[in-house]
Amino acid sequence: MNKVIVTGGAGFIGSHTYVELMGAGMEPIIVDDLRNSEERVLGGLEKITGKKPVIHRIDCTDRDAMDRVFAAEKPSSVIHFAADKAVGESVQDPLKYYHNNIGSLATLLRVMQGHGVKDVVFSSSCTVYGDSEDLPVTENSATGQAASPYGYTKVVCEQMLRDVSASDPGLRVVMLRYFNPIGAHPSAHIGELPIGVPNSLVPYITQTAAGIRERLTVHGDDYPTRDGSCIRDYIHVVDLAKAHVAALRWLSGRKAPVCEVFNLGTGQGNTVLEAVHTFEEVNGVKVPYVIGPRRAGDVVAMYADTTKSSEVLGWRTELTLADALRDAWHWQQALGGEGEKE
Ligand code: UD1
């Protein structure tokens, strides 16, 4: 039985993972109330896979509703994507983040216990490393100094999983620390759907190239990097999605207890300006930009050591920054002027 509950399966990473799970012969079941997504994602998934997705539109902090889903579906594993992820909003409304992100994981683990489900893959983030000088960061680099309430929810969720795992020897846990996921499915049927003015770099670039935004502001060119702009590890969302299939396969071959963390990045750092110029070159389109002040909370540089994920999971990235920026642009073009969802 390969039924996988995918919370947040209508989101950016969740929807791409849904496609890869289907491709691997698994049976993903989406649990998502679409609060940060849209109906069109389900249509996109159907176009790609040829099958109407199964979705339960519930809030993951609603224990009774989650119980009903588990009773009806009898899954063998769970991938937990559902979470709020806007760094700035988490500073304005930290309780929303602590309630939703920590509450949904606590609820999920209780419901899993009640239904004897033992395998869980959790979406964590490189944000748990804070402003690390230990570059590239390995899974053993220091964590715990996140720069935002959002980041702290990931730190707390990881700790919750370690504690619950220690108390329940049957549990098998994989925590995946994502670096900067970008791009879209090459079919352009699914991609990122930013709400309002994008905070993240690549949606801002694509909306600027499409004329929805006047110009991009590069947040600082006075950092101690090769061109003065910040360095990040941009990973194609399809490569990232494939890592979840690898993680589930790896888990199912393990003897419990397991609680392991993996970095999911390319291992390559690129500056903001390199990303902008690569986008322009690969797509033959201009991105007007100005240099602005540094953005509060940004770390100078962050990129992954991927040795553990490639050696243990047998997974490595196959797509380049240029591939991701080309696919992001195709997705923006498929969206047309609808990029702006307020
Ligand atoms: C951060 C977190 C990441 C988290 C994500 C959630 C870190 C290191 N990363 O990503 O774990 O999942 O938030 O949203 O904490 N930039 C501009 N102009 C713009 C937008 C961005 O110059 O208009 C720059 C930023 O200053 C940064 C880079 O682009 O240097 C990437 O920014 P962004 O896409 O927002 O991601 P992170 O902040 O790295």
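The following paragraphs examine the structure supplied in this document. (Residues numbered from 1 in each chain as written. Predicted model: local features only at pLDDT ≥ 70, side-chain atom pairs only at ≥ 80, totals over all residues. Heavy atoms only, no water.)

**Some remarks on the site of the ligand**
Residues in close proximity to the ligand total 22 residues, the closest being Ser125, Thr217, Arg232, Arg295 and Asp298. Asparagine 180 is positioned with one of its side-chain polar atoms (N or O) 3.0 Å from an oxygen atom of the ligand. The separation between an oxygen atom of the ligand and a polar main-chain atom of asparagine 199 is 3.5 Å. Expressed as a share of its isolated accessible area of 750 Å², the protein-covered part of the ligand is 88%. Secondary structure elements with two or more residues in the shell around the ligand: α7 (201-209) and β8 (216-219). Counting residues per element, the shell around the ligand draws most heavily on β8, at 4 residues. The residue inventory of the shell around the ligand, partitioned by class, reads 11 nonpolar, 7 polar and 4 charged. (Near = heavy atom within 4 Å. Polar contact = N/O pair within 3.5 Å; in protein donor to acceptor, adjacent residues only side chain to side chain. Areas by Shrake-Rupley, 256 points an atom, 1.4 Å probe, with all protein chains shown as cover. Helix = DSSP H or I, 4+ residues; strand = E, 2+ residues; numbered from the N terminus. Nonpolar A, V, L, I, M, F, W, Y, C, P; charged D, E, K, R; others polar.)

**A closer look at the nonpolar core**
In terms of nonpolar packing, the biggest core is built from 28 residues, with Met66, Phe70, Val78, Leu105, Leu108, Met112 and Leu161 touching the most fellow members. Only β2 (27-31), α3 (63-73), α5 (94-115), β5 (119-125), α6 (149-167) and β6 (172-178) provide two or more residues apiece to this core. The element contributing the most residues to this core is α5, with 6 residues. Residues in contact with methionine 112, not counting those within four places in the same chain, are Phe70, Val78, Val117, Lys118, Asp119, Val120 and Leu171. The next biggest cluster of nonpolar side chains, apart from the first, holds 27 residues, and it includes Met26, Leu176, Val245 and Phe262. (Core = buried A, V, L, I, M, F, W, Y, C linked by side-chain atoms within 4.5 Å. Buried < 20%, exposed > 50% of the residue type's maximum accessible area, 1.4 Å probe, protein only. Contact = heavy atoms within 4.5 Å.)

**Some remarks on helix α2 (residues 39-49)**
Among the residues of α2, Val41, Leu42, Gly44 and Leu45 are the ones counted as buried. Along the long axis of α2, the arc covered by the buried residues comes to 160°, so they all point the same way. Of the residues trailing α2, glycine 50 is marked for its positive phi of about 80°. (Arc of directions from axis to C-beta.)

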